[in-house]
Amino acid sequence: MIQELTTTRHNELIDPVLHIWGWQIPVYLFLGGLVAGIMVISGYLVLKGQYKKNVFSCFYLPQISLILLSAGMLALFLDLEHKLFVWRLYTTFKIASPMSWGAWILVIIYPVLLLNTLIRIPVRFQNVIPPFDRLSAFINKHPLLIKNIGIANMLMGTLLGMYTGVLLSSLGARPLWNSAMLWMLFLVSGLSSAAAFVHLITDDTYERELLAKADNAFLTLELFVFGGFISGLLTSSRVHIQAIRLLLDGSYAAYFWVFVIGMGVVIPLSIQLLAVNHKIKHSPVAPMLVIAGGLILRFVIVFAGQESHWTSGWIR
Amino acid sequence: MARFGMVIDSAKCVGCMDCVVACKTENGVPEGFNRDWIEYEVQGKYPSLHMEIRSERCNHCNNPPCVYCCPTGASHVHDLGGVVLITHNVCIGCKACIASCPYDARFIHSDGYADKCTFCIHRVEKGLDPACVSVCPTRCMSFGDLEDPNSEVTRLLQSRNHHALMPEAGTKPCILYLV
């Protein structure tokens, strides 16, 4: 039985296999997820009162997030083909468009991160921008406001993490992305990457220990979400089965099993389980693997997703 | 309200590509890109093979995912006949519409915006057929109002078996192929 499609179309970036999105979108999705996770963690640490002990979680983490988020948005901007018209994103709000939601969520995230940095300004940065010092003093007079900033960070971080997955899963023409588990996968992956990132750079023993444990929980949860993502597509229609097989035994299988599952989840989880049980010392190896795994996951999903198609069972 | 669509008799289409050339000429489509194209679909087991030759383009769907995902409203449904169009100076070139189209009908124009078939709306507004329809030497293509019970396209659909492309994608395409 033959099923063959021959086309005279040869549009750049479309044929023979869709490749409209290069490195920029995976990097943007990764940095967005990482910042989302950092916001959730930072918000949680604010709620726990960690800002009273050190300035890392309430000042440096959101500062780093601002830089990472801006780098992600730069990557997104570089991907746009009609760059001079980027301002058009902010002349409207399209309720059915996840990208429009994302553009506006990002606008809200910047002030939320900025407020987080003002909970406690380190001595060396005080009086650099006087209005910020006055705002910081005002925030510190209202402990309830500090809690609300923590909650706002956790909420906006969760929204941002979800958005990075919804952005792809709403594009139903690409069967690999057409999964309701994708937002959960990107959110959990963002949280695990962020936990690994904070684990890697914090000098506070409590935070390092806490985030190593949290990362183990996120990585374990990520394995279950991967299970749901894979089984959901495997039990769906023919095109969805063919799409997920790109990862399971197709052209992206090596990257998926070796770099995403093996080096990105299983190996660091094993190392960190030993570390939190005091069998081995904490090392930067596990968190670095988690972060690299999170980045490679976005590349694999974005690239393989573009390869998946409703006619993928056909010879083209 | 009018709903423009196209009915193409795949039994008459010989894949001569006149429609492709007419479209490129009429719309100034840049070199290396196509708003419409010919697709040859072969199915079966030798020697019992069946071939369908189709002139394909944007399906101007009733349920257009490209319009829903557009963050700026550049992709929109035109008041005249529900034709799906792109406002070039509103498009940011994010390519979400390209990713959302199961027919891969869109591409990035060399000037940076997303581009695709417009059903030659500038001709249709003057009461003319789209360029591709007007040049077809076998008269296999018909354009008209799918909502009008007296239009040629409706009569053709009532008289012959027909199919749409990838109906399982749920986009409700407005280009239908007679078999």
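Remember, predicted model here, so these are calculated numbers, not experimental data. (Residues numbered from 1 in each chain as written. Chains lettered and ligands numbered in written order. Predicted model: local features only at pLDDT ≥ 70, side-chain atom pairs only at ≥ 80, totals over all residues. Heavy atoms only, no water.)

## Section: the overall build of chain B
What counts here: Helix and strand definitions here come from DSSP, where helices need a minimum of 4 consecutive H or I residues and strands a minimum of 2 consecutive E residues; each element is numbered from the N-terminal end. Values of the radius of gyration come from C-alpha atoms, whereas the globule rule sets the reference at 2.2 Å times the count of residues to the power 0.38. Each residue is placed in one exposure class: buried if its accessible area under a 1.4 Å probe, protein chains only, is under 20% of its type's maximum, exposed if it is over 50%, and partly exposed if it falls in between. Working definition of accessibility: Shrake-Rupley area with a 1.4 Å probe, residue cover restricted to the visible protein chains. Under this rule, positive means Lys or Arg and negative means Asp or Glu; His and the chain ends count for nothing. Here the site of a charge means NZ on Lys, CZ on Arg, CG on Asp, or CD on Glu.
The number of helices and strands found in chain B is six helices and 10 strands. On C-alpha atoms alone, chain B measures out to a radius of gyration of 16 Å, which is about the 16 Å that the 2.2 N^0.38 rule sets for 179 residues. Projected onto its principal axes, the C-alpha coordinates of chain B cover approximately 50 × 40 × 30 Å. Burial status across chain B gives 61% buried among its 179 residues. Of the roughly 7200 Å² that chain B leaves accessible, carbon and sulfur atoms contribute 53%. Charged side chains of chain B number 16 positive and 20 negative; the gap between the two group centres comes to 1 Å.

## Overview of the overall build of chain A
Check the secondary structure of chain A and you find 10 helices and one strand. Starting at the N terminus, the α and β elements of chain A follow one another as β-α-α-α-α-α-α-α-α-α-α. Taking 20 Å as the expected radius of gyration for a compact globule of 316 residues, we find that chain A reaches 21 Å, a close match to that expectation. Here the C-alpha coordinates of chain A stretch approximately 75 × 55 × 25 Å along the principal axes.

## Examining the interface of chain B and chain A
Basically, it comes down to this: We call two residues contacting when some pair of their heavy atoms lies within 4.5 Å. Whenever a carboxyl oxygen of Asp or Glu lies within 4 Å of a side-chain nitrogen of Lys or Arg, that contact is scored as a salt bridge. Contacts described as polar in this section are N or O atom pairs within 3.5 Å, which, within protein, must combine one atom able to donate a hydrogen with one able to accept it, while residues neighboring in sequence count only if both atoms come from side chains. Note on pairing: two strands pair once DSSP finds at least 2 bridges between them.
Taken together, the contact pairs 47 residues of chain B with 40 residues of chain A. Inspection of the region where chain B meets chain A yields four salt bridges. A salt bridge links Asp104(B) to Arg174(A), with the nearest nitrogen and oxygen atoms 2.8 Å apart. Linking chain B with chain A are 26 residue pairs in polar contact (both at pLDDT 80 or more). Only β2 (37-45), β3 (48-56), α2 (65-69), α3 (96-100) and β6 (107-108) of chain B provide two or more residues apiece to the side of chain B that touches chain A. Take the side of chain B that touches chain A: its biggest share by element is nine residues, from β2(B). Bridge analysis of strand β1 (residues 2-7) of chain A against β2(B) gives six bridges, and the strand direction is antiparallel. Its bridge partner lying in β2(B), Gln3(A) is registered against Gln43(B).

## Brief notes about helix α7 (residues 205-234) of chain A
Heads up, the condition is: Every helix has an expected span of 1.5 Å times one less than the residues it contains.
Between its first and last C-alpha atoms α7(A) spans 43 Å; for 30 residues at 1.5 Å apiece the expected length is 44 Å, and the two agree. Two or three places before Tyr206(A), at the opening of α7(A), Asp204(A) has a side-chain oxygen 2.8 Å from that residue's backbone nitrogen.

## Describing the sheet that holds strand β1 (residues 4-9) of chain B
Residue and element names in this part refer to chain B. So the rule is basically this: Comment: axis = line fitted to C-alpha atoms, over the contacting stretch for helices; angle = value between 0 and 180 degrees taken between N-to-C directions.
If you trace the four strands from one edge of the open sheet to the other, you get β8-β1-β10-β9, paired in mixed fashion. Edge positions in the sheet fall to β8 (141-145) and β9 (162-163), since each has one partner strand and no second. As paired elements, β1 and strand β10 (residues 175-178) share four bridges and run parallel to each other. Bridge pairing in β10 places Ile8 opposite Tyr177. Relative to the sheet, helix α6 (residues 152-159) contacts β1, β8, β9 and β10, its axis offset from that of β8 by approximately 115°.

## Quick word on the nonpolar core
Cut-off, in case you're wondering: Residues grouped as a nonpolar core are buried Ala, Val, Leu, Ile, Met, Phe, Trp, Tyr and Cys residues, joined through side-chain atoms within 4.5 Å.
Within the largest apolar cluster, 100 residues are counted, with the highest numbers of intra-cluster contacts made by Trp21(A), Leu168(A), Leu176(A), Trp177(A), Phe229(A), Leu247(A) and Ile301(A). If you tally residues by element for this core, the top one is helix α1 (residues 24-47) of chain A, at 14 residues. Ignoring sequence-local partners within four residues, the contact set of Leu176(A) consists of Phe229(A), Leu233(A), Ala243(A), Ile244(A), Leu247(A), Ile301(A), Ala304(A), Gly305(A) and Ser308(A). Membership of the second largest hydrophobic core comes to 32 residues, among which are Met6(B), Val20(B), Ala105(B) and Val124(B).

## Thoughts on the side chain of His240(A)
Residue and element names in this part refer to chain A. Residue position: His240 is located in helix α8 (residues 238-248). Here the side chain of His240 touches Asn178 through a polar contact of 3.5 Å, side chain to side chain. In this structure, His240 is in contact with Pro175, Asn178, Leu233 and Trp310, ignoring residues within four places of it in sequence.

## Things to note about the packing of aromatic side chains
Short version of the rule: Ring pairs shown here join Phe, Tyr and Trp side chains whose ring centres sit within 6.5 Å, with only the six-membered ring taken for Trp; geometry is labelled stacked below 30 degrees between planes, edge-to-face above 60, and tilted in between. Look at NZ for Lys and CZ for Arg. If either is within 6 Å of the ring centre and within 35 degrees of the ring normal, a charge sits over the ring.
A complete count under the given rule lists 13 aromatic pairs over all chains for this structure. Between Phe299(A) and Phe303(A), the aromatic rings sit 5.6 Å apart at their centres with planes inclined by 90°, giving edge-to-face as the arrangement. Here Phe303(A) and Phe299(A) lie together in helix α10 (residues 285-307), a separation of four residues that amounts to about one turn. Lys53(A) extends its terminal NZ or CZ atom over the ring of Tyr206(A), reaching a point 4.9 Å from the ring centre. A cation over a ring is seen here: Arg54(B) above Tyr177(B), with NZ or CZ 5.8 Å from the ring centre.

## A short note on the side chain of Asn59(B)
One can find Asn59(B) in the loop between β3 and α2. Filtering out sequence-adjacent residues up to four positions away, Asn59(B) remains in contact with Tyr103(B), Leu165(B), Pro173(B), Cys174(B) and Ile175(B).

## Describing the packing of α1(A) against helix α6 (residues 182-201) of chain A
Residue and element names in this part refer to chain A. What counts, and what does not: Roughly parallel covers angles under 35 degrees, roughly antiparallel covers those over 145, roughly perpendicular covers 65 to 115, and oblique covers all other angles. Handedness of a crossing is defined here by the sense of rotation of the near helix relative to the far one, left-handed for an anticlockwise turn of less than a right angle and right-handed for a clockwise turn. Residue polarity is assigned by list, with Asp, Glu, Lys and Arg as charged and Ala, Val, Leu, Ile, Met, Phe, Trp, Tyr, Cys and Pro as nonpolar; anything else, Gly included, falls into the polar class.
It is at 7 Å that the axes of α1 and α6 come closest, and there the two elements cross at 70°. The angle between the axes of α1 and α6 places the two elements in the roughly perpendicular class. For the element pair α1 and α6, the recorded crossing hand is right-handed. Contacts from Leu29, Phe30, Gly33, Leu34, Gly37, Ile38, Val40 and Ile41 of α1 reach α6 at Phe186, Gly190, Leu191, Ser193, Ala194, Ala195, Phe197 and Val198. Looking at side-chain class alone, the contact of α1 with α6 contains 12 nonpolar, four polar and no charged residues.

## Focus: the environment of Thr205(A)
Examined against the element boundaries, Thr205(A) turns out to sit in helix α7. In this structure the C-alpha to C-alpha distance between Thr205(A) and Ile121(A), which are 84 residues apart in sequence, comes to 21 Å.

## Overview of the pattern of salt bridges
Scanning the model with the defined rule gives 13 salt bridges over all chains in all. Of the charged contacts, one joins Arg123(B) and Glu26(B) as a salt bridge, the two residues approaching to 3.7 Å between their closest N and O atoms. Of the two residues, Arg123(B) sits in helix α4 (residues 121-124) while Glu26(B) sits in helix α1 (residues 18-27), which places them 97 residues apart along the sequence. Note on Arg123(B): relative accessible area 16%, which makes it buried. A salt bridge links Glu52(B) to Arg54(B), with the nearest nitrogen and oxygen atoms 2.8 Å apart. Of the residues examined, Glu52(B) reaches a relative accessible area of 8% and is grouped as buried. Look at Arg54(B) and you get buried, because its relative accessible area is 3%. Counted as one network, the salt bridges with shared partners bring together Arg9(A), Asp15(A), Arg174(A) and Asp104(B).

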